[in-house]
Amino acid sequence: MSTSVSIPENIKKILVTGGCGFIGGAVIRKLLKSTDAEIFNIDKVGKVSDLTSLDKVIKKLGQSKESKYYFIQLDLADETLTEKVIFDIEPDLIIHLAAESHVDRSIDGPDLFIKSNIIGTFNLLQSALKYWQKLPSNKKESFRFHHVSTDEVFGSLGAIGQFSESTPYDPRSPYSASKAASDHLVNAWHHTYGLPIVITNCSNNYGPWQFPEKLIPLAIYKAFNNKKIPLYGKGLNVRDWLYVEDHVEAILLTAINGRIGESYCIGGNAEKTNKEVLESICNIMDRKLKKEDTLKNLITLVEDRPGHDQRYSINFSRINEELGWKPKHSFEEGLELTVNWYIENIYWCEEMMRKSNYNAERVGLRNYK
Ligand code: TDX
C-alpha cells in the first residue's frame, strides 16, 4: 500500500527513535520504501527490541537503501551521547517513538518507564532544542519534532464518550503517567522555547512484529501452542484497535503536514471488548488450522489487571478533517493479516521470547499483592 504522504525534498535526514520497536520499525520500513532521505534509527535495544524486521526489508531493498539507513545503539537516558549524536546527524525531522510501552511491565517495574519515557524524552528535547536554535533560518523554519504518544494519557472512559484533543489528561498506570509526563514536556518545550513540535495520541496498535506480550500477539501465540489464553477480569474492557500501517501513515502525515504545537488523536474506529478480540482470533485460527475443537475453549478468565482502564475510544475528526486521514484496514482485515503473519512467523515469537527470557507468563501483579 503506498503512503498518502510524500516526504518533501528538503527533508534529507530523518531521525527515528525507537526504530527497533514494533511501531518504530513499521515507521522505518515505510520511510525506506517511500523516500530517498537518509534514515537514522536510534534505539537502546531493550529487552523486547527486534532488529530482524528491518534487516529483512533492507536486504530486499538492496544496497542503495542500505547506504541510506544508519543504526545507532544509544539509550536516550545518556544525555551527553544523545546531544553528540543529534549534532552529528543534523536531522531535518525527528520522529520520537522510543518508549517502554507495556502497562503490565510498568506495574511490576515503573523505574525503567520513568527513565526511558520521561528522562529519555527530556534529554532528547534538550538536545533537539540546542541543535534547532543553531540552525540557519530556512532549516529552522522547516524542522519538526514529532512525539508519538498514546490515548492512555486520557485515562479511562465509561460506557459512553470518546477521547479527543481537548480531553483533560488523567493517566492511571505508571506507563500512561510516564507518557503523559513526556507529552507535557514536549508541549512545554514548544510553548516556552518555541521548539516546533507535533504530538499524536493513538489507540491500541496491532499487526506483524509486535512482541508477544501484548494482547493480540500473545493470544495468537498461546492459541497456536494450545495453551490457555488469559482474559483479564470479566473480559469486558474495551479497546479501539488500529492496524499499525494505518498508524504509520497518520504519523508521517502529521509529522509533515500537521499544525505546529498541535496534537492529533488517532483511532481505529474499531471498539471491541477483549473477549470479542480473543474470539475473533480463535475463529480465524480455527478456520486456518482446521481445528475440530474450537480454540475458544482455551480462553480463560484470570485475575484482573490492577487499575485496569475500562474503555478507550478515539474521536479522530481533527486529523480526518485537516489532513484527510482515516484507517484503511477494517479490524477484520487487519486481524486476518496479523494472524496469517504470526502463523507463518511463529519461530520469530519463540526467538524473541528466548532472547528476552520471557515465557509468555503473566506479568503485572508483582508489586500488587
Ligand atoms: O493477557 C492479556 N489478557 C488481557 O485480557 C493481556 C496482555 C491483556 N489483556 C487485556 C488488558 C487490556 O484491556 O487486553 C487489553 C489490551 O492489553 P495490552 O495489549 O496490554 O494493551 P493496553 O494495556 O490496552 O495498552 C496498549 O494500548 C496503548 C499498549 O500496550 C500501549 O503501549 C499503548 O500505548
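Refer to the preceding data block for the structure.
This structure is a prediction, so every number in the text was calculated from the model and none was measured.

Section: the overall build of the protein
- Helix and strand content of the protein: 14 helices and 12 strands.
- Computed over the C-alpha atoms, the radius of gyration of the protein is 20 Å, within 12% of the 21 Å expected from 2.2 N^0.38 for a compact globule of 369 residues.
- Principal-axis analysis of the C-alpha atoms places the extent of the protein at approximately 65 × 45 × 40 Å.
- Of the contacts formed within the protein by residues at least 6 apart in sequence, a portion of 83% connects residues at least 24 apart.
- For the protein, the accessible area works out to roughly 15900 Å², and carbon and sulfur atoms hold 50% of it.

Things to note about the nonpolar core
- Ile14, Val27 and Ile95 are the most contacted members of the largest nonpolar core, which totals 46 residues.
- Mapped onto this core, the elements with two or more residues apiece are β1 (13–17), α1 (22–34), α2 (52–61), β4 (93–96), β6 (197–202), α10 (244–257), β10 (263–266) and α12 (317–323).
- Once you skip the residues sitting within four places of it in the chain, Ile14 turns out to touch Ile7, Leu31, Ala37, Glu38, Ile39, Phe40, Leu93 and Ile95.
- Formed by 35 residues, the second largest nonpolar core is a distinct cluster that contains Trp209, Met285, Trp341 and Met352.

A look at the site of the ligand
- Taken together, 21 residues lie around the ligand, and Glu152, Tyr175, Arg239, Arg305 and His308 are the ones closest in.
- Residue Asn204 places a side-chain N or O atom 2.9 Å away from an oxygen atom belonging to the ligand.
- One of the side-chain nitrogen or oxygen atoms of Lys214 is found 3.2 Å away from an oxygen atom of the ligand.
- Burial of the ligand by the surrounding chains reaches 94%, relative to a free accessible area of 650 Å².
- For the shell around the ligand, the secondary-structure elements that each account for two or more residues are α5 (103–108), α9 (215–224) and β8 (229–232).
- Looking at the shell around the ligand, the element that brings in the most residues is β8, giving 3 residues.
- Residue classes in the shell around the ligand are distributed as 8 nonpolar, 7 polar and 6 charged.

Here's the deal with the sheet that holds strand β7 (residues 204–206)
- The strand order across the open sheet formed by 3 strands is β7-β9-β11, and the pairing between neighbours is mixed. The sheet is open, and its two edges are formed by β7 and β11 (271–273), each paired on a single side. The average undirected angle you get between the axes of adjacent strands in this sheet is 50 degrees.
- Strand direction decides the pairing type here: strand β9 (residues 238–243) and β11, joined by 3 bridges, are antiparallel. Looking across to β11, one finds that Asp240 is bridged to Glu271.
- On the sheet, helix α11 (residues 274–288) packs against β9 and β11 and is oriented at approximately 90 degrees with respect to β11.

Section: the packing of aromatic side chains
- On inspection of all chains with the given rule, the structure shows 19 aromatic pairs.
- Residues Tyr206 and Trp241 carry aromatic rings whose centres are separated by 6.2 Å and whose planes lie at 80 degrees to one another, so their mutual orientation is edge-to-face. Pair noted here: Tyr206 is in strand β7 and Trp241 is in strand β9, with a separation of 35 residues, a long-range link.
- Classification of Trp241 by relative accessible area gives buried; the value is 5%.
- Every member of this aromatic cluster is reached through a ring pair, and the members are Phe154, Phe163, Tyr169 and Tyr312.
- The ring centre of Tyr358 lies 5.3 Å from the NZ or CZ of Arg105, which sits over that ring.

Let's talk about unusual backbone geometry
- The backbone phi angle of Glu90 is positive, close to 55 degrees, even though this residue is not glycine.
- In this structure, Glu90 sits in the loop between α4 (79–89) and β4.
- By relative accessible area, which is 45% here, Glu90 ends up partly exposed.
- One non-glycine residue, Ala360, lies in the positive phi region at around 60 degrees.
- Take Ala360: it is sitting in the segment after α14 (346–356).

Topic: the pattern of salt bridges
- Across all of its chains, the model carries 17 salt bridges by this definition.
- In this structure, the salt-bridge partner of Glu83 is Lys130, at a minimum N-O distance of 3.0 Å. With Glu83 in helix α4 and Lys130 in helix α6 (residues 111–133), the pair connects residues that are 47 residues apart, well separated along the chain.
- In this structure Lys130 comes out as partly exposed when scored by relative accessible area, which is 39%.
- Note that Glu262 is salt-bridged to Arg259, the shortest N-O span being 3.4 Å.

What about the environment of Ser67?
- Position of Ser67 among the secondary structure elements: in the loop between α3 (63–66) and β3 (69–73).
- Ser67 sits in the partly exposed class, given a relative accessible area of 41%.
- Between the C-alpha atom of Ser67 and that of Ile281, which follows or precedes it by 214 residues, the distance is 39 Å.

Section: the side chain of Ser53
- Mapping Ser53 onto the fold places it in helix α2.
- Of the residues examined, Ser53 reaches a relative accessible area of 3% and is grouped as buried.
- For Ser53, the residues in contact, after removing those within four places along its chain, are Arg29 and Trp209.

Parameters and conventions
Throughout this document, residue positions are counted from 1 along each chain, in the order its sequence is written. Local features in a predicted model are, by the rule used here, given only for residues with pLDDT of at least 70; side-chain atom pairs are given and counted only at 80 or more, and totals for whole chains, interfaces and linings are based on all residues. Values reported for side chains reflect all heavy atoms of the structure, with hydrogen atoms and water molecules removed beforehand. Every helix listed is a DSSP run of H or I at least four residues long, and every strand listed is a run of E at least two residues long, numbered separately from the N terminus. Every radius of gyration here is taken over C-alpha atoms, with the globule rule written as 2.2 Å times N^0.38, N being the number of residues. Here, two residues are considered to be in contact whenever any of their heavy atoms come within 4.5 Å of each other. Only the protein chains shown count as cover for residues, with accessible areas throughout obtained via the Shrake-Rupley method and a probe of 1.4 Å. Put simply, buried Ala, Val, Leu, Ile, Met, Phe, Trp, Tyr and Cys residues joined by side-chain atoms within 4.5 Å make one nonpolar core. Burial classification: accessible surface area is computed with a 1.4 Å probe over protein chains only, and a residue below 20% of its type maximum counts as buried, one above 50% as exposed, and the rest as partly exposed. Note on terminology: near, applied to a residue and a molecule or strand, indicates that one of the residue's heavy atoms is within 4 Å of it. In protein, a polar contact requires one atom able to donate a hydrogen and another able to accept it; more generally it is a pair of N or O atoms within 3.5 Å, and residues adjacent in sequence count only if both atoms are side-chain atoms. Each residue gets one label: Ala, Val, Leu, Ile, Met, Phe, Trp, Tyr, Cys and Pro are nonpolar, Asp, Glu, Lys and Arg are charged, and the others, such as Gly, are polar. Here a strand pair is declared whenever DSSP counts at least two bridges between the two strands. All axes are obtained by fitting lines to C-alpha atoms, using only the stretch in contact for helices, and the reported angles, taken between N-to-C directions, cover 0 to 180 degrees. Classification of ring pairs uses Phe, Tyr and Trp, with its six-membered ring standing for Trp, and accepts pairs whose centres are within 6.5 Å; under 30 degrees between planes counts as stacked, over 60 as edge-to-face, and the remaining range as tilted. Each ring is checked for a lysine NZ or an arginine CZ that lies within 6 Å of its centre and within 35 degrees of its normal; such an atom marks a charge sitting over the ring. Should a side-chain nitrogen of Lys or Arg be within 4 Å of a carboxyl oxygen of Asp or Glu, the pair is scored as a salt bridge.

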